[in-house]
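# Secondary and tertiary structure notes
Letter by letter, the chains look like this.
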Amino acid sequence: MGKKKAGQSAESLASTPIDFTPDNVENLDLDAAEEIGESSENHTDSKLETPPILEEVGNQSKEDDVKKTSRRKRKKKAIKGRMDIIGAAETGSGKTLAFGIPIIHGILLDKGREADGNDSGLESSDDEEGIDEDNVSIDEEGVEVLDPSALYLNGENLEDSDEEEDEPKELDFETEEGIQEPFEFPDEVESFENDSEIEADEGDDEEMENQGFGCVRVIKDVKFDFLNEDKIQKYPRRKLRALIITPTRELAVQINSHLLAVLVNTDIKTAVVVGGMSSQKQERVLARGPDIVIGTPGRLWELLQQGNHHLCQLPYIRYLAIDETDRMVERGHFQELTKLLEVINSEESAKEKRQTFVFSATLTMIHKLPKRMNFKKKVVQMTSEIKIENLVRMIGIKKNRKVVDVTRTFGTAESLTEAKIFCDKEEKDYYLYYLLKQYPGRTLVFCNSIDCVRRLNNLFSILQCQPQPLHASMQQKQRLKSLERFSSNPRALLLATDVAARGLDIPNIQHVIHYQVPRTAETYVHRSGRTARATQEGLSVLFIDSSEISKYHQLCRTLNRETELPPFPTDIHIMKQVRERVNFARNLEKKEHTTRKQNVEEDWWKKMAKESMLDLDEEEYDEDFDREKKMKAARNKREINAMRAQMTQMLKKPLLSSNFSSRYPTQSGTLVNPFQSAQDLENSVGSVRTNNKAINLVKKESKDFSKLVKTVKIKPPLSRTSKKKMKGFEKRKLRREQEKKRFLKEREAERRGEM
Ligand SMILES: Nc1ncnc2c1ncn2[C@@H]1O[C@H](COP(=O)(O)OP(=O)(O)OP(=O)(O)O)[C@@H](O)[C@H]1O
C-alpha cells in the first residue's frame, strides 16, 4: 500500500517501494492519512536527514548575512522565510521532501494560528522562531537534522506567529451550499490554442530548446465566473491549502505516498487528482476537503471547469509546488497548466501570501547554440538567468524568492556511471539482450516511441525476459500494474517511453538503458536519474547508431562534456550466441505478428459483415480457397509451436560456454553472474555501491578508452576546405561525413580493444 508505517525514517522511505497497485491508487483517499495518523505511536523514533537541496535553501542568504549569521540561523530563515523557491538539484536528491516538508510545516503553523484566531499567514524572513531550536539537532557528521516531530501538530511547535501584515478578509466556510453551475472559461482570456505564434512543433526540439519555454502567460485581474465571491462564501468545506502539480499521474501518486510518510500524526489530509482514474471517486475525495491536492494539470482543470467546490479555492491556496517545472512549462505541453495558473494568480492579495516552489533537476540547464548560429546577431544565447526570469514571469513567482542551484556541470547525478555503445540500428537488440543476460538486475529501458516499446516487448517476451511495458497508450490501471510488477522483482525489466523518465522513484534500479538517443539533454538527465538515486550507485548505457551521432554530440555539448562517454565493453564470444538467439526470436516474432495480423483482418471482415447484416456471397464463396486458408493457418500454428519449443531449448542452455574466459571481471559479483538467484540479488542490492562490477568495469575501461581516443586523430579539415568557400549545407555534409568516419574508427577501435 502507499501508506507508510508510523515512525518510518527517510532511509526506509528511500528503500520502500511505492505501492502502485491500481487498487491502492483507486483507494488513495483521506482515510489513508487518517489511518496513519491514528496508528502511529512511535513516531518520535523517526529521523529524517535534511535533503541536500533543503539544506542548500537554508544556506542561501544575502552575502552579508552569510558572514554575520550562524549556519543554523540562516537555515531557519530560509526554511520558514516563506520565500518562493526556485530549486535545481540532481535527480534522486530528495526534491520532493524539499518542497514537501516546508509545505507541511507551513500548513501546521497556519492551522495553529487559525486555532489561536490569528491568521496572517506571513512570517518574517528575519523571524528565528519557526522551527524550535530543540527540534534541530546536529548529527554525527555535523549536519543539522530536523526532527520530523517538529512538524507534528502540537501546540508548542505552532505557537510562533510573528505576523507582518494584517489578515485580509477571510472566506466564510460555514454554509452548506455549494456551486452547481459548470464553469466556462471567459472569452477575454486568450487560450493557448488560439495563439498560432506559440504553437509548438514536437519535432522542432532545437528551436524549442534555444528559446526556452513559453506556454504560460499570466493575465492580471481576470475575473472567473466560479470565483465569484458570493459563491465562494457558500463553501462548507475545509480549506484547500496547497496544490502540487506534476507532469505525470504516476508521479502524483508517488508524491502523495512520500508525503503520507511524513504526515504521520498530523491531521493534514491529501488527495490525488489524476486522469485515467474514476473522476467521480476523486470528486468524492475532494468533497472531504483535503488540505493538499496533488494532481496532473488535465484532470485538475477538468474538475475546476466543472465547478468543483474544493478546487474553486485555488486562488487562495497558501502553497503551490510545480514539480518538474521545466517540463511543465515547455511549449506545446500542458495547456491546462496555463489556465490553472491564470486561476491561481487571479487574486493579487492571496498571491502575495502564497509560497511557490518550482523544482527540477534540469531547471537551469541551457542549450548552447549550434556554432553556425553564434554569429547571427538576432539569435540570443539562452542563459540560466534568462531561463529563470522567464519562469518567474510565467508562473507568477514573487520578488521575495531564492534561486537554489546545486546541480553538477554535467547535469547527471554524481553517483551515476555513464557509458555508451556504438552499434548499427539492427544490433541494438543484441546489445540489449547481452546486457540483460550479463548484468541481471532491475533494468529500465527507454525508447523514443510507443511502437518501439511494443516491438521490444514482443521480442523480449519471446526471449523470456518477462518485460513490462509502460507508455501513454496503455490504460492507467495497466500502467500502474506494470510499475508494481517492476518494483517488486529485483531482476525485472521495464520497457518505457519517456512517460517514465521524470520523477519516478523506484528503489534499486541498477541499470538505465537508452535504446535510442533521447531527443533532448534534459530527457537524458531525467531518464538516467531513475538509477543512482539517494546516494546509491547506478549505471546508464546509451545506445547510439550512425543516424544518431549528431544528436549524441549535441547532447555532449549541452551536458558540458569535453570527453565522450566511455564505451561499454562487450564480450564478442558471447555476442555470437546472443545474435543467434535474438535472430531466432525475431523470426518467430515476425511469424507470430503476420499470423496475428491475418487473424485480426479476417475477424474484422466477419464482424463488419455481421454488423451490416450482410451474408457472404454464396457464389463468391470458394470452398477450395477456404480450405486452403484453413490449412495454411494450421500449418502456421504448427510452425510457430515448433519454433517456440526450439526457442525454449535454446534459452535453456547457459549463455556462457564452459570454456569461456574473459579478461573482464564479469564472472562474479552482484550484477555479473547471470545465474545468481533472485534472492541473492535482492540481498545484495543494498551493497551495490561497492559490488557493482558493471560500473567498476566501465570505470576501468573508460581510462583505457581515453588513451585510445587520443590515438585516433581527427583533424577537422574545415580550415583547409574553407579556402574553397564552402556553402553552409556543404560544410554540414562534410561534418556529417567526418562524424561518420570518426564513428566507424571508434567502433573499430572499440572492437580491437575487446579482442
Ligand atoms: N533526507 C533524506 N534522507 C534520505 N533519503 C531521502 C531523503 N530525502 C529523500 N530521500 C529519498 O531519496 C529518494 C529520492 O527522492 P526524490 O524522489 O524526492 O528525488 P528527486 O530529487 O525529486 O528526484 P527526481 O529529480 O528524479 O524527481 C526517495 O526514495 C526518498 O525517499
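Basis of the calculations
- Residues numbered from 1 in each chain as written.
- Predicted model: local features only at pLDDT ≥ 70, side-chain atom pairs only at ≥ 80, totals over all residues.
- Heavy atoms only, no water.
- UniProt positions renumbered as here; feature names shortened; annotations may be inferred.
- Buried < 20%, exposed > 50% of the residue type's maximum accessible area, 1.4 Å probe, protein only.
- Helix = DSSP H or I, 4+ residues; strand = E, 2+ residues; numbered from the N terminus.
- Pairing = 2+ DSSP bridges.
- Salt bridge = Lys/Arg side-chain N within 4 Å of Asp/Glu carboxyl O.
- Patch = residues over 30% accessible without salt bridge, like charges linked within 9 Å, V, L, I, M, F, W, Y side chains within 5 Å.
- Areas by Shrake-Rupley, 256 points an atom, 1.4 Å probe, with all protein chains shown as cover.
- Lys, Arg positive; Asp, Glu negative; His and termini not counted.
- Charge placed at Lys NZ, Arg CZ, Asp CG, Glu CD.
- Core = buried A, V, L, I, M, F, W, Y, C linked by side-chain atoms within 4.5 Å.
- Domains from an automatic or database assignment.
- Contact = heavy atoms within 4.5 Å.
- Axes fitted to C-alpha atoms, helices over the stretch in contact; angles between N-to-C directions.
- Disulfide = S-S within 2.5 Å.

Taking an unreviewed UniProt entry as the reference, the protein is identified by name as ATP-dependent RNA helicase belonging to Penaeus vannamei. Recorded under Sequence similarities (unreviewed entry), the UniProt text for the protein is reproduced unchanged: "Belongs to the DEAD box helicase family." Taken from UniProt, the Function (unreviewed entry) comment for the protein reads in full: "RNA helicase."

### Considerations on the pairing of strand 11 (residues 443-446)
By the alternation rule, side chains of strand 11 split into Thr443 and Val445 and Leu444 and Phe446, which are all buried. Of the pairings in the sheet, the one linking strand 11 to strand 13 (residues 493-496) comprises four bridges and is parallel in character. From the neighbouring strand, Thr443 faces strand 13, where its bridge partner is Leu493. Of the strand pairs in this sheet, strand 11 and strand 14 (residues 511-514) are connected by four bridges, and their pairing is parallel. By the bridge assignment for strand 14, Thr443 is matched with His511.

### Remarks on unusual backbone geometry
Although it is not a glycine, Glu324 sits at a positive phi angle of roughly 50°. What makes Glu324 buried here is its relative accessible area of 5%.

### Quick word on the pattern of salt bridges
Applying the stated criterion across every chain, the model contains 29 salt bridges. For Asp291, the salt bridge identified is with Arg241, shortest N-O distance 3.3 Å. Here Asp291, found in the loop between helix 11 (279-287) and strand 6 (292-295), pairs with Arg241, found in the loop between helix 9 (229-232) and strand 4 (242-245); they are 50 residues apart in sequence, far enough to count as distant. Accessibility classification places Asp291 together with Arg241 in one group, the buried group. Note that Lys420 is salt-bridged to Glu564, the shortest N-O span being 3.5 Å. In this pair, Lys420 sits in strand 10 (residues 416-422) while Glu564 sits in the loop between helix 21 (549-558) and helix 22 (572-611), placing the two residues 144 residues apart along the sequence. When salt bridges that share partners are traced, they join Lys111, Glu114, Arg238, Lys239, Arg241, Asp267 and Asp291 into one network.

### Digging into a positive patch on the surface
A contiguous patch of positive charge on the surface is contributed by Lys731, Arg732, Lys733, Arg735 and Arg736. Locating Lys733 in the fold gives a position in helix 28 (residues 728-754). Looking at Lys733, the relative accessible area reads 48%, which means it is partly exposed.

### Side note on the nonpolar core
The nonpolar side chains of a soluble globular protein tend to be buried with one another. In terms of nonpolar packing, the biggest core is built from 46 residues, with Leu432, Leu435, Phe460, Leu463, Phe543, Phe568 and Met647 touching the most fellow members. Secondary-structure elements contributing two or more residues to this core are strand 10, helix 17 (428-438), helix 18 (450-462), strand 13, strand 15 (538-544), helix 22, helix 23 (623-652) and helix 26 (693-711). Structurally, this core is a two-domain feature, drawing no fewer than three residues from each of domain 2 (416-570) and domain 3 (574-610 + 631-656). Beyond its immediate chain neighbours, meaning those up to four positions away, Phe543 contacts Ile421, Lys428, Tyr431, Leu432, Leu435, Ile513, His514, Tyr515, Gln516, Val517 and Glu548. Judged by nonpolar contacts, the second largest core, of 34 residues, contains Ala88, Met328, Val343 and Ile397.

### Structural notes on the sheet that holds strand 10
Strand order in the open sheet made by the six strands is 10-15-14-11-13-12, with parallel pairing throughout. Where the open sheet ends on each side, the last strands, each with one partner, are strand 10 and strand 12 (467-470). This sheet shows a mean twist of 20° between the axes of neighbouring strands, independent of strand direction. Where strand 14 and strand 15 come together, four bridges link them in parallel fashion. Note that in strand 15 the partner of Val512 across the bridge is Ser540. Packed onto the sheet, helix 17 meets strand 10, strand 11, strand 13, strand 14 and strand 15 and runs at close to 165° relative to strand 15. Across the sheet, helix 20 (residues 521-528) lies against strand 10, strand 11, strand 14 and strand 15, angled at about 155° from strand 14, the strand it touches most.

### Quick look at the environment of Val253
Locating Val253 in the fold gives a position in helix 10 (residues 249-262). For Val253, a relative accessible area of 3% corresponds to the buried category. C-alpha of Val253 to C-alpha of Leu480: the two residues are 227 residues apart in sequence and 9.8 Å apart in space.

### Some remarks on the sheet that holds strand 9 (residues 401-405)
Taken in spatial order, the seven strands make up an open sheet running 5-6-4-7-8-1-9, and their pairing is parallel. What marks the edges here is a single partner per strand, and that holds for strand 5 (270-273) and strand 9. Strand-to-strand twist across the sheet, computed as the mean angle between neighbouring axes with direction ignored, equals 10°. Here five bridges tie strand 7 (residues 319-323) to strand 8 (residues 355-360), and the two strands are oriented parallel to one another. Paired with Leu320 across the bridge in strand 8 is Thr356.

### A look at the state of the cysteines
Enumeration over the complete set of coordinates arrives at zero disulfides. Of all cysteine sulfurs in the structure, the one in Cys447 sits closest to Cys452, which takes part in no disulfide; the separation is 3.5 Å. For Cys452, a relative accessible area of 8% translates into the label buried.

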